[in-house]
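Observations on chain architecture
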Amino acid sequence: MSIIVNLDVMLARRKMSSQELSDRVGISPANISILKTGKAKAIRFSTLDALCKELDCQPGDILEYRHD
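Residues numbered from 1 in each chain as written. Predicted model: local features only at pLDDT ≥ 70, side-chain atom pairs only at ≥ 80, totals over all residues. Heavy atoms only, no water.

A few points about the packing of helix H2 (residues 18-25) against helix H3 (residues 29-36)
Here H2 crosses H3 at 120°, and the two axes come no closer than 9 Å. Judged by the angle between their axes, H2 and H3 are oblique. Crossing angle aside, the handedness with which H2 passes H3 is right-handed. Side by side, H2 and H3 meet where Ser-18, Gln-19, Leu-21 and Ser-22 of the first sit next to Pro-29, Ile-32 and Lys-36 of the second. In terms of residue class, the contact of H2 with H3 is made up of three nonpolar, three polar and one charged. (Axes fitted to C-alpha atoms, helices over the stretch in contact; angles between N-to-C directions. Helix = DSSP H or I, 4+ residues; strand = E, 2+ residues; numbered from the N terminus. Parallel < 35°, antiparallel > 145°, perpendicular 65-115°, else oblique. Left-handed = near helix turned anticlockwise from the far one by under 90°. Contact = heavy atoms within 4.5 Å. Nonpolar A, V, L, I, M, F, W, Y, C, P; charged D, E, K, R; others polar.)

What follows is the structure, encoded as structure tokens:
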């Protein structure tokens, strides 16, 4: 897929665990894992908004487009 999810990079930059992000955002740890591993097929804007608020970042910091 051409869309890359850099959630693991943002977690490392913020020195935050997946579990801590899960607790703060209200997303299950399993769904955080799906996002981190790039297996997600979609993401809701409300989820992206919550992630950006907690990680203090822009959507472009989490999502990246790479031409195949």
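What follows continues from the structure just given.
Brief notes about the nonpolar core
With 17 residues, the main nonpolar core has Leu-7, Leu-21, Leu-51, Leu-55 and Ile-62 as its most contacted residues. Elements that contribute at least two residues to this core include exactly helix H1 (7-14), H2, H3 and helix H4 (45-55). For this core, the leading source of residues is H4, giving four residues. With residues up to four places along the chain from it excluded, the contact list for Leu-7 reads Leu-21, Ile-32, Leu-35, Lys-36, Leu-51, Leu-55 and Ile-62. (Core = buried A, V, L, I, M, F, W, Y, C linked by side-chain atoms within 4.5 Å. Buried < 20%, exposed > 50% of the residue type's maximum accessible area, 1.4 Å probe, protein only.)

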